[in-house]
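Summary of structural features
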Amino acid sequence: MCGRFALTATPDQTAAFLDVAGLEDFPARYNIAPTQPILMAVAGPPQAPDSNLPDRQPMLVRWGLIPTWVKDTREFPLLFNARSEGAAEKASFKAAMRHRRALVPASGFYEWRQTGGKKGQPYWIRPRHGGLVAFAGLIETYAEPGGSEMDTGAILTINANADIAHIHDRMPVVIDPRDFTRWLDCRTLEPRDVADLLRPAQLDFFEAIPVSDLVNKVANTGPEIQERGEIGPEPEKVKRQKSGADDSQMRLF
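Reading the values: rules and limits
- Residue indices begin from 1 for each chain and proceed along its sequence in written order.
- In view of the model being predicted, local features appear only for residues whose pLDDT reaches at least 70, and side-chain atom pairs are presented and counted only at 80 or more, with totals across whole chains, interfaces and linings using the full set of residues.
- Here the side-chain values reflect all heavy atoms present in the structure, with hydrogen atoms and water set aside.
- Numbered from the N terminus, helices here are DSSP runs of H or I no shorter than four residues, and strands are runs of E no shorter than two.
- Only protein chains enter the area calculation, which uses a 1.4 Å probe; residues under 20% of their type maximum are buried, those over 50% are exposed, and those in between are partly exposed.
- Here, nonpolar core means buried Ala, Val, Leu, Ile, Met, Phe, Trp, Tyr and Cys residues that are tied together by side-chain atoms lying within 4.5 Å of each other.
- Contact definition: two residues touch when any of their heavy atoms are within 4.5 Å.
- The rule for pairing is simple: two strands pair if DSSP sees at least two bridges between them.
- Salt-bridge detection follows one rule: a side-chain nitrogen of Lys or Arg within 4 Å of a carboxyl oxygen of Asp or Glu.

**Thoughts on unusual backbone geometry**
A positive phi angle, near 80 degrees, is found at Thr 35, a position not held by glycine. By secondary structure assignment, the location of Thr 35 is in the loop between strand S2 (29-32) and strand S3 (37-43). Unusually for a residue other than glycine, Asp 204 sits at a positive phi of about 70 degrees. Position of Asp 204 among the secondary structure elements: in the loop between helix H3 (180-184) and strand S12 (206-210). Note on Asp 204: relative accessible area 48%, which makes it partly exposed.

Shown next, in the form of structure tokens:
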């Protein structure tokens, strides 16, 4: 799964990567966690043929998707990830897969290799050649009982490639910049038309750097959490929880 990631690029670098306009200033974020606001990009309204304006627009959403049909958020699990293999049919995600596909800009993500210890060995996983990546995302606008609306989102995951599988069996789906337009086109392309984009990243695209356990605490938000740390002992056989089932992340608020 993808339970933490970072976005440390500047607003200008991020806007250029996503090809969006009107992106407000924001600080580098080294330890983004579920329930926090995250940046996503979606397809904007069609532009005039002679327009020079970008046809994508940024959105700030709460990381943790809430389907429109949920009655009591206190009884609903926190959906910060969505398994891409069944998202088009799963009740929680099928509407977003059809109508609200998005891009999530990131500088990389964190994952934990189970070592038999309580927390596991954390890794900072980033593009080997630097720069930004775009995770496949979904957006759902949830209407609260009081009438206010909240944009919520999730990151799609896939079986990990050989570079990541020794750390965790899942990884975020990465959308190549050449495929941004296809992925975001919810007006003419259905989920089956973009299913080929839901695949693991190419081998050697990411590098995994062991880091200290500073990243385990959401309150630690500085660049020091990405400094190289010691590698823990070899993994033992442990019972892994289902994706998204961490007790500390099951409640919405």
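**Quick word on the nonpolar core**
The biggest cluster of nonpolar side chains holds 66 residues, and the ones touching the most others in it are Phe 5, Leu 103, Phe 135, Leu 156, Trp 183 and Phe 206. If one sorts the elements of this core by residue count, strand S9 (residues 133-143) sits on top with 7 residues. The residues contacting Leu 156, other than those within four sequence positions of it, are Ala 82, Arg 83, Ser 84, Ala 87, Met 97, Ala 136, Leu 138, Met 171, Pro 172, Val 173, Trp 183 and Leu 198. Tyr 110, Trp 112, Ile 209 and Val 211 belong to the second-largest nonpolar core, a separate cluster that totals 9 residues.

**As for the pairing of S3**
Burial analysis of S3 places 5 of its 7 residues in the buried class, the great majority of the element. Here S3 pairs with strand S4 (residues 56-63) via 7 bridges, running antiparallel. Bridge assignment links Met 40 to a residue of S4, and that residue is Met 59.

**Notes on the pattern of salt bridges**
Side chains carrying opposite charge are able to pair once their charged atoms draw close together. Tallying each qualifying case throughout the model produces 8 salt bridges. A salt bridge links Arg 74 to Asp 72; the shortest N-O distance between them is 3.1 Å. For Arg 126, the salt bridge identified is with Glu 207, shortest N-O distance 2.7 Å. Taken as a pair, Arg 126 in strand S8 (residues 121-127) and Glu 207 in strand S12 lie far apart in primary sequence, 81 residues in all. Arg 126 sits in the partly exposed class, given a relative accessible area of 34%.

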